[in-house]
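Now for the letters of each chain:
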Amino acid sequence: MSSSTNEMNQFASEFPTGNFIEAVRTSCRSFVEQSPVKISQQGINKFLDTLNKLQYEELSDDVTIKMPLKFETVNDELNFITVIDLLNFGSGYRVPLHELAGRGAFDTIRFGAMSFHIGGKPMDAETFKNSTIFEVAEIFQIPIDHEVKHDKLDFVTITEPTALKPFAAGLTSVLNTTGDYLQDHNYKDLAQFIMEHVKANPQNATSLTEHLIRAFPGLHDSYKFPDQPQPVYLYKKAQIIVYHLWYTFKEQLPELFDFKDMDTLTVFSDNVIPTMLAHLGVIQVPEEWQQDINNNIDLSVEQATTLRAAGVVACEDIVKAAQSGAGPVPRMTTGGLDVYLWRLGKVGDYRKVPRFQLRDTVMF
């Protein structure tokens, strides 16, 4: 991880006391209340009043994690899903990814995971620990260097890094640190790490979320800012791993993965969720921030964290209102709302809505 990523994630070595998911909920609300970003109750009411129930039911089903692949064992599939979500970042590289790789961040990660699987390359601790940036660039089809003409010497070219090299470096770093932990603690792969835990702590989403966060630096999605007395916890990727394991295995292995506290998870706030909520009038963003977003200028870590935290708070308020009788979906959950908003962002003109970006992070 680059030095600036380490600085950005300066609070990562410390964890909440008590329930990790509740810490996300309470810290985000406290942080947003002291920020220039506002949640509009009028916007929430309008969102629910105009919500299309059939579209919501269709888009809130997270089919994006289902792949046209065959797995020999449950552990192989579990490992595959977890790797995708562990590496599910790079949203700030959306523009250069489309230009240089021909696909967005999530599709790039899925492509890489399928390359591992189809190519027979083991997705295990040893492979991850020893992965180099060149191997990662090849597997994920990310161009990290290119030839450019010398500015003074005709017929001479020099090799320069592309805008995607830091993204590939981030992927390599997360794989390396994950492999380090797994090997140091005698786990063959992520599947073994997870299966041993859920067998000892079955049907418990909160416990598995905390277990993942404590282990892997690539999930230490928390921030401490000088002007704020308390840290902000988001833990997007850890929660989405747990959500997707529940979604995939709740019927196949209900005794382990039919998490009874599933609906206590917050939304998995990245850059899409707040962007959609702002576009739909639920979140009110300062005008100068919006100008940077429109111009594809990276926000500061604090600005990005504020918007992500606002996504958590706004969705909590939307779900509470829906469950109290507002709108057409009385059984709305944070997980379903997250998936709906994320998939809605891929529909029609919503794709054109400018999303905020922060490149130097491995968290979203």
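I will try to describe carefully the structure that is included in this document.

Rules of the game
- Residues numbered from 1 in each chain as written.
- Predicted model: local features only at pLDDT ≥ 70, side-chain atom pairs only at ≥ 80, totals over all residues.
- Heavy atoms only, no water.
- Core = buried A, V, L, I, M, F, W, Y, C linked by side-chain atoms within 4.5 Å.
- Buried < 20%, exposed > 50% of the residue type's maximum accessible area, 1.4 Å probe, protein only.
- Helix = DSSP H or I, 4+ residues; strand = E, 2+ residues; numbered from the N terminus.
- Contact = heavy atoms within 4.5 Å.
- Expected span 1.5 Å × (residues − 1).
- Polar contact = N/O pair within 3.5 Å; in protein donor to acceptor, adjacent residues only side chain to side chain.
- Phe/Tyr/Trp six-rings, centres within 6.5 Å; stacked < 30°, edge-to-face > 60°.
- Lys NZ or Arg CZ within 6 Å of the ring centre and 35° of its normal.
- Axes fitted to C-alpha atoms, helices over the stretch in contact; angles between N-to-C directions.
- Parallel < 35°, antiparallel > 145°, perpendicular 65-115°, else oblique.
- Left-handed = near helix turned anticlockwise from the far one by under 90°.
- Nonpolar A, V, L, I, M, F, W, Y, C, P; charged D, E, K, R; others polar.
- Patch = residues over 30% accessible without salt bridge, like charges linked within 9 Å, V, L, I, M, F, W, Y side chains within 5 Å.
- Areas by Shrake-Rupley, 256 points an atom, 1.4 Å probe, with all protein chains shown as cover.
- Salt bridge = Lys/Arg side-chain N within 4 Å of Asp/Glu carboxyl O.

### Looking at the nonpolar core
Formed by 121 residues in total, the largest nonpolar core has its most connected members in F257, M332 and L337. Element by element, the count of residues in this core is highest for helix α17 (residues 301-323), at 12 residues. When residues no more than four places from it in sequence are discounted, the contact partners of F257 are L78, I194, M195, V198, L245, W246, F249 and K250.

### Points about helix α2 (residues 20-33)
Along its 14 residues, α2 runs 20 Å from first to last C-alpha, staying within 8% of the 20 Å computed at 1.5 Å per residue. Buried within α2 are the following residues: F20, I21, A23, V24, R25, S27, C28, F31 and V32. Of the residues flanking the start of α2, the one acting as N-cap is N19, its side-chain oxygen 2.9 Å from the backbone nitrogen of I21.

### Structural notes on the packing of aromatic side chains
This model, assessed by the stated rule, comprises 22 aromatic pairs. Measuring from centroid to centroid gives 5.2 Å for Y181 and F216, while their planes differ by 75°, and the two rings are edge-to-face. With Y181 in helix α10 (residues 165-184) and F216 in the loop between α12 (205-215) and β4 (222-223), this residue pair connects regions lying 35 residues apart in the sequence. Owing to a relative accessible area of 1%, F216 belongs among the buried residues under this scheme. Here Y187 and F193 contribute two aromatic rings whose centre-to-centre distance is 5.2 Å and whose plane-to-plane angle is 80°, an arrangement assigned as edge-to-face. The residues Y187 and F193 share a single accessibility class, namely buried. Among the aromatic residues, those joined into a ring-pair cluster are F15, F20, Y233 and Y235. For R103, the ring lying beneath its charged end belongs to F111, and the centroid distance is 4.0 Å. One cation-aromatic arrangement involves K250 over W246; the distance from NZ or CZ to the ring centre is 3.9 Å.

### Structural notes on the packing of helix α11 (residues 190-200) against α12
Contact geometry for α11 and α12: axes closest at 10 Å, N-to-C directions at 140°. By the angle between their axes, α11 is oblique relative to α12. Pair α11 / α12 crosses with right-handed handedness. Of α12, the residues touching α11 (which contributes F193, I194, H197 and V198) are S207, L208, H211, L212 and A215. Looking at the contact of α11 with α12 residue by residue, the class counts come to six nonpolar, three polar and no charged.

### Structural notes on a nonpolar patch on the surface
Among the surface-exposed residues, L153, V156 and I158 lie close enough to one another that they form a single nonpolar patch of about 210 Å² accessible area. Along the chain, I158 turns up in strand β3 (residues 157-161).

### Here's the deal with the pattern of salt bridges
Counted according to the given criterion, the structure contains 10 salt bridges. Linking R214 and E210 is a salt bridge whose minimum nitrogen-to-oxygen distance equals 2.8 Å. Residue R214 and its partner E210 are both found in helix α12; the two are separated by four residues, about one turn of the helix. With relative accessibility at 24%, the residue E210 sits in the partly exposed group. As a salt-bridge pair, R308 and D221 come within 2.7 Å of each other at their nearest N and O atoms. Of this pair, R308 sits in helix α17 while D221 sits in the loop between α12 and β4, and the two are 87 residues apart along the sequence. Each of the two residues, R308 as well as D221, counts as buried. One salt-bridge network, in which partners are shared between bridges, spans E22, R25 and E316.

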